[in-house]
Amino acid sequence: MEYSKKELILHIYDLLLKKFGHRDWWPADSPFEVIVGAILTQNTAWTNVEKAISNLKRANVLSPVKIQALTLPELAMLIKPSGFYNQKAKRLKEVVGYLIDHYNGLVDNMRGKDSQTLREELLSIKGVGKETADSIILYACSKPVFVVDSYTHRVFFRHGLIEEQVEYDEIQEMFMDNLNHEYKMFNEYHALIVEVAKNFCRTKPLCEGCPLSELPGHIV
């Protein structure tokens, strides 16, 4: 069956949703916890992020004001399971400072800004890249921006929708141009891509049983 690009992108979503069901991502008890997770998940597995966040909760410091009050060494030790903990402690301090200075420490106050303005603000913070900024905008602020990661590139390159050498913004644009700008759709789609990449579309593909195995351009 022949698909247009838009039809294929929607078809992939439908296949993934049928296979994995709703993912209810991002797992967090508060929007601020989402922001912390978005910083800590850089270059590490989510299980390590969970350990670091658990440490912050046990120490009763999972809030902007309390994290700001910690010294860098204190914060680094609490988030040590996430790896690169000295670097991430600095980044977390920068983001917390931004949140307190610009929004009185309240993520709800960020939601009054449009996505582009928020993105520009977040990208101006040292250590915050496009994926992290977009994750905060989508998952913490509930605004429809599509998050792109290495899994997105892998899955959609293997199915011929993007070139191997392609920029973040170009991949994001493909989704933004072909999908309705709905927070829940973008949220669900990104989480489903992560799921299929972790379970089937690995570095060494496990194609048997993959919900996308019959699509055009599938690599065996």
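Our structure's up above, just so we're on the same page.
Not measured: the values here are computed from a predicted model.

1. Concerning the layout of surface pockets
- Size it by volume and the largest pocket reaches roughly 610 Å³.
- Lining the largest pocket are 22 residues, and of these Trp-25, Thr-41, Asp-149, Tyr-151 and Val-194 sit closest to its centre.
- Sorting the residues of the lining of the largest pocket by element identifies α3 (46-58), α9 (130-140), α10 (150-158) and α12 (183-199) as the ones contributing at least two each.
- Counting residues per element, the lining of the largest pocket draws most heavily on α12, at 5 residues.
- Here the residues of the lining of the largest pocket sort into 9 nonpolar, 7 polar and 6 charged.

2. So, the packing of helix α2 (residues 31-40) against α9
- For the pair α2 and α9, interaxial distance at closest approach is 9 Å and the crossing angle is 160 degrees. Between α2 and α9, the angle is such that the two are roughly antiparallel. For the pair α2 and α9, the crossing hand works out as right-handed. Contacts between α2 and α9 involve Pro-31, Val-34, Ile-35, Ala-38 and Ile-39 from the first element and Thr-132, Ser-135, Ile-136, Tyr-139 and Ala-140 from the second.
- Split into classes, the residues belonging to the contact of α2 with α9 amount to 8 nonpolar, 2 polar and no charged.

Rules used throughout
- Residues numbered from 1 in each chain as written.
- Predicted model: local features only at pLDDT ≥ 70, side-chain atom pairs only at ≥ 80, totals over all residues.
- Heavy atoms only, no water.
- 1 Å grid on protein atoms, 1.4 Å probe; cavity = no way out; pocket = protein on both sides within 12 Å on 5 of 7 lines; lining within 4 Å.
- Points joined across faces, edges and corners; volume = space filled by probe spheres on them.
- Helix = DSSP H or I, 4+ residues; strand = E, 2+ residues; numbered from the N terminus.
- Nonpolar A, V, L, I, M, F, W, Y, C, P; charged D, E, K, R; others polar.
- Axes fitted to C-alpha atoms, helices over the stretch in contact; angles between N-to-C directions.
- Parallel < 35°, antiparallel > 145°, perpendicular 65-115°, else oblique.
- Left-handed = near helix turned anticlockwise from the far one by under 90°.
- Contact = heavy atoms within 4.5 Å.

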